[in-house]
Structure formats: structure tokens, C-alpha cells
Amino acid sequence: GAADASGPLAGLSPSLAIHVYTQREIYGTVGSHVTLSCSFWSSEWISEDISITWHFQAEGSRDSISIFHYAKGQPYIDDVGTFKERMEWVGNPHRKDGSIVIHNLDYTDNGTFTCDVKNPP
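Residues numbered from 1 in each chain as written. Predicted model: local features only at pLDDT ≥ 70, side-chain atom pairs only at ≥ 80, totals over all residues. Heavy atoms only, no water.

J.: Quick question: what am I supposed to make of the pairing of strand E5 (residues 51-58) here?
T.: As judged from the eight bridges shared by E5 and strand E10 (residues 111-118), these two strands associate in the antiparallel manner. Bridge pairing in E10 links Trp54 to Cys115. Examined bridge by bridge, E5 and strand E6 (residues 64-71) share six bridges and lie antiparallel to one another. Counterpart to His55 in the pairing with E6 is Ser66. In textbook terms, the turn of a hairpin is the stretch between consecutive antiparallel strands, and for E5 and E6 this stretch comprises five residues, one of which, Gly60, has a positive phi near 80°. (Pairing = 2+ DSSP bridges. Helix = DSSP H or I, 4+ residues; strand = E, 2+ residues; numbered from the N terminus.)

J.: In this structure, what is going on with the confidence of the model for the protein chain? I would like to understand it.
T.: For any part of a model where pLDDT is low, the fine detail of the predicted coordinates should not be relied upon. Across the protein chain, the average pLDDT comes to 86, with 87% of residues at or above 70. Across residues 9-15, confidence stays below pLDDT 50; counting only partners more than four residues off in sequence or on other chains, it has ten contacts. (pLDDT = per-residue confidence, 0-100. Contact = heavy atoms within 4.5 Å.)

J.: I tried to follow the sheet that holds strand E9 (residues 100-102) on my own but got confused; where do I start?
T.: Strand pairing within a sheet occurs via backbone hydrogen bonds; the two strands may be parallel or antiparallel. In space, the three strands of this open sheet follow the order E3-E9-E8, with antiparallel pairing throughout. Of all strands in the sheet, those bounded by a partner on one side alone are strand E3 (34-36) and strand E8 (87-89). Going from strand to strand, the sheet's axes swing by 25° on average, the running direction of each strand aside. Summarising the sheet, E8 and E9 pair through three bridges and their orientation is antiparallel. Bridge pairing links Glu88 to Val101 in E9. (Axes fitted to C-alpha atoms, helices over the stretch in contact; angles between N-to-C directions.)

J.: I would appreciate a short explanation of the environment of Ser47 in the present structure.
T.: Residue position: Ser47 is located in the loop between strand E4 (38-42) and E5. Residue classification places Ser47 among the buried residues on the basis of a relative accessible area of 5%. Sequence spacing of Ser47 and His94 is 47 residues, and the spatial spacing of their C-alpha atoms is 8.9 Å. When residues no more than four places from it in sequence are discounted, the contact partners of Ser47 are Asn119 and Pro120. (Buried < 20%, exposed > 50% of the residue type's maximum accessible area, 1.4 Å probe, protein only.)

J.: Explain unusual backbone geometry here, please?
T.: A cis amide bond links Pro120 to the next residue, Pro121, at an omega of 0°. Take Pro121: it is sitting in the segment after E10. In this structure, Lys72 is a non-glycine residue whose phi angle is positive, near 50°. Summarising the element assignment, Lys72 is placed in the loop between E6 and strand E7 (74-77). Taking relative accessible area as the criterion, Lys72 reaches 73% and is therefore assigned exposed. The phi dihedral of Lys96 is positive, around 60°, even though this residue is not glycine. Within the fold, Lys96 resides in the loop between E8 and E9. Note on Lys96: relative accessible area 27%, which makes it partly exposed.

J.: Would you mind going over the packing of aromatic side chains with me for this structure?
T.: The way to describe two aromatic rings as a pair is by their centre distance and the angle between their planes. Taken as a whole and assessed by the stated rule, the structure comprises five aromatic pairs. An angle of 75° between the planes, with centres 4.9 Å apart, marks the rings of Phe56 and Phe83 as edge-to-face. Within this pair, whereas Phe56 is found in strand E5, its partner Phe83 is found in the loop between E7 and E8, the two being separated by 27 residues in sequence. Measuring from centroid to centroid gives 5.7 Å for Phe83 and Phe113, while their planes differ by 70°, and the two rings are edge-to-face. Residue Phe83 is located in the loop between E7 and E8, and its partner Phe113 is located in strand E10; the two are separated by 30 residues in the primary sequence. A relative accessible area of 5% means that Phe113 is categorised as buried. Aromatic ring contacts, followed pair by pair, group Phe56, Phe83 and Phe113 into a single cluster. (Phe/Tyr/Trp six-rings, centres within 6.5 Å; stacked < 30°, edge-to-face > 60°.)

Below, the structure is given as C-alpha cells:
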């Protein structure tokens, strides 16, 4: 599956933007696990209100679902789709890392994963 960092950039002006970096394409073997890395850079300090959201759009689907978010200092695995039992949060926002691991890969995991980071204000 491919990871894509085309999400909206937070910030009021270009100088306040957050830059999010992910790997363009990641390959995994069925039954194994894969780390979806998401690192970000902000010209501002990382606030306590930082939030990270991962979305998944299955191959051939028009809809994207939210599969994970980190907010108020806590990781939350969304109770939807086939990922909820197989996801692990390995990120650390204070190290500008929003990575997740997906275990026990399946063919149905093919698609686009997007990492969105917001660092209010």
C-alpha cells in the first residue's frame, strides 16, 4: 500500500505550516507487520493540543475512514474497519513522530494511508 502526505496543512500562514513526511510506498508481506512512519516538522513548539489522525482509503474505494487518532496526550484506535485489533501506536509527538504499526497484514489492507498533524494554535 502507499502512504501519502497530501493532507491539509495546519496554520494560518505558510510560515506556521506543519510539514508532514511519510514514505511514498510501503510493501509488507501478508501475516507480517509494517510500520507506517509519519514524522513532522513545525516552526512552532509542539503544543499540548497536538493531534494526529491517520486515515485509510482502500484501493478502489472513494471513501476514506479514520483509523487512528492521537489527541489530548492519548492515542485512540478508532473502532471501525479491520484495523482496530491490529494497530499499535509507536509515535511520540514530542519527538515529532506520529508513526503506527499494523500487525497481521492482509490483502485488504492495500490502499492509501494518510497522516494528518495539527498543532494548534
